[in-house]
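What follows is the residue order along each chain.
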Amino acid sequence: MSVAIVFEDEYILCVSKPNNMLVHHAFHSRNVADEVSLLQEIEKEKGYKTYPIHRLDRKTSGIILLAKKKEYVSKFQELFTNNEIEKTYFGIVRGFAPATKTIDSPVKGRDANVHKDALTHLKTLAQITLDIPVKPYDSSRYSFIELKPKTGRMHQLRVHTNKISHPLIGDPKYGDKNHNVMFEENFNCSHLFLHAGILQFTHPFSLENLILKASFPEDWVMLFEKFSWKNPLV
């Protein structure tokens, strides 16, 4: 299967979504109707429909839970609503991020006029200074970070990292264009460096304690080697 399966049982299919792939076609994505969505790809390969339990941005890679029947969705969504599921994301950001930080800052919801409370825990795993100039400096600095969102607002992690002046690399909306261009020109990397890596929760039907991990895409693995950064999912 072209989409990597992380876990599967009679209730759920957990897969690793590639970068820049829609989970499903919504009303606002008609202009990309000729693209295959994640749900379409899975139905084509597996022969049955699946139902998303939570959201994952088009530009974000990594782990997503899909229910095999519509009636299973609400039971798993309760885990997210009740904060009974731990989500761990990884990002590469501009500059030297703090060792640890709690970002408690409201984020606009889907209704752009309403701000909602949003909370993210950040931890820096590695840093690097490169002898590659990015205006206005003659070198460039980056951090590899772990992010644990405690709320699930739209674009929360992209907004929060930008809020503390450490935007994610490859983010066309909230990022730093000069650093995005540097990664494209020097490393041939144009994707958003935000990856949903780990989900940990107790399965509501089997009561099994699950720790599910989605491997990093190839461009991340290449950078880990170049920067001598440890891959936390290996």
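Shown above is the structure to which this text applies.
Residues numbered from 1 in each chain as written. Predicted model: local features only at pLDDT ≥ 70, side-chain atom pairs only at ≥ 80, totals over all residues. Heavy atoms only, no water.

Notes on unusual backbone geometry
Glycine aside, residues mostly have negative phi, and peptide bonds are mostly found in the trans state.
Consideration 1: Residue Pro-136 follows Lys-135 across a cis peptide bond; omega there is 5°.
Consideration 2: Position of Pro-136 among the secondary structure elements: in the loop between β9 (119–130) and β10 (140–149).
Consideration 3: With phi around 55°, Asn-83 is a residue other than glycine that occupies positive phi space.
Consideration 4: With respect to the helices and strands, Asn-83 occurs in the loop between α2 (73–81) and β5 (85–94). (Helix = DSSP H or I, 4+ residues; strand = E, 2+ residues; numbered from the N terminus.)

Quick notes on the environment of Pro-98
Consideration 1: Mapped onto the secondary structure, Pro-98 falls in the loop between β5 and β6 (100–104).
Consideration 2: Judged by its relative accessible area of 27%, Pro-98 is partly exposed.
Consideration 3: Residue contacts for Pro-98: discarding those within four places in its chain leaves Leu-122, Thr-124 and His-166. (Buried < 20%, exposed > 50% of the residue type's maximum accessible area, 1.4 Å probe, protein only. Contact = heavy atoms within 4.5 Å.)

Observations regarding the pairing of strand β12 (residues 209–213)
Consideration 1: On β12, burial follows the alternation: Leu-210 and Leu-212 on one face are buried, whereas Asn-209, Ile-211 and Lys-213 on the facing-out side are not.
Consideration 2: The turn linking strand β11 (residues 194–202) back onto β12 is made up of six residues, and Leu-207 within it adopts a positive phi angle of 65°. (Pairing = 2+ DSSP bridges.)

Some thoughts on the packing of aromatic side chains
Consideration 1: Going through the model one piece at a time under the given rule, you end up with 19 aromatic pairs.
Consideration 2: An angle of 65° between the planes, with centres 5.4 Å apart, marks the rings of Tyr-72 and Phe-205 as edge-to-face. Separated by 133 residues along the polypeptide, Tyr-72 in the loop between β4 (61–67) and α2 and Phe-205 in the loop between β11 and β12 bring together distant segments of the chain.
Consideration 3: Its relative accessible area of 14% is what places Tyr-72 among the buried residues.
Consideration 4: Overall, Phe-205 belongs to the partly exposed group, its relative accessible area being 32%.
Consideration 5: Look at Phe-144 and Phe-216: their rings are 6.3 Å apart centre to centre, the planes differ by 65°, and that puts the pair in the edge-to-face class. You can see Phe-144 sitting in strand β10 and its partner Phe-216 sitting in the loop between β12 and α5 (218–227), a full 72 residues away along the chain. The exposure classification of Phe-144 matches that of Phe-216, with both residues buried.
Consideration 6: These aromatic residues form a ring-pair network of at least three members: Phe-90, Tyr-142, Phe-144, Phe-183, Phe-187, Phe-193, Phe-216, Trp-220, Phe-224, Phe-227 and Trp-229.
Consideration 7: A cation over an aromatic ring shows up here: Arg-141 above the ring of Phe-96, its NZ or CZ 4.2 Å from the ring centre. (Phe/Tyr/Trp six-rings, centres within 6.5 Å; stacked < 30°, edge-to-face > 60°. Lys NZ or Arg CZ within 6 Å of the ring centre and 35° of its normal.)

Digging into the pattern of salt bridges
A side chain with one charge can pair with a side chain of the opposite charge if their charged atoms come near.
Consideration 1: With the rule as written, the count across this model stands at nine salt bridges.
Consideration 2: For Glu-43, the salt bridge identified is with Lys-49, shortest N-O distance 3.7 Å.
Consideration 3: Take Glu-43: its relative accessible area is 35%, and that puts it in the partly exposed class.
Consideration 4: The residue Asp-171 makes a salt bridge to Arg-158 at a minimum N-O spacing of 2.8 Å. One end of the pair, Asp-171, is in the loop between α3 (156–163) and α4 (177–187); the other, Arg-158, is in helix α3, and 13 residues separate them in sequence. Taken individually, Asp-171 and Arg-158 each receive the classification buried, so the pair is uniform in this respect.
Consideration 5: When salt bridges with common partners are traced through the structure, they connect Glu-8, Lys-46 and Lys-68 into a single cluster. (Salt bridge = Lys/Arg side-chain N within 4 Å of Asp/Glu carboxyl O.)

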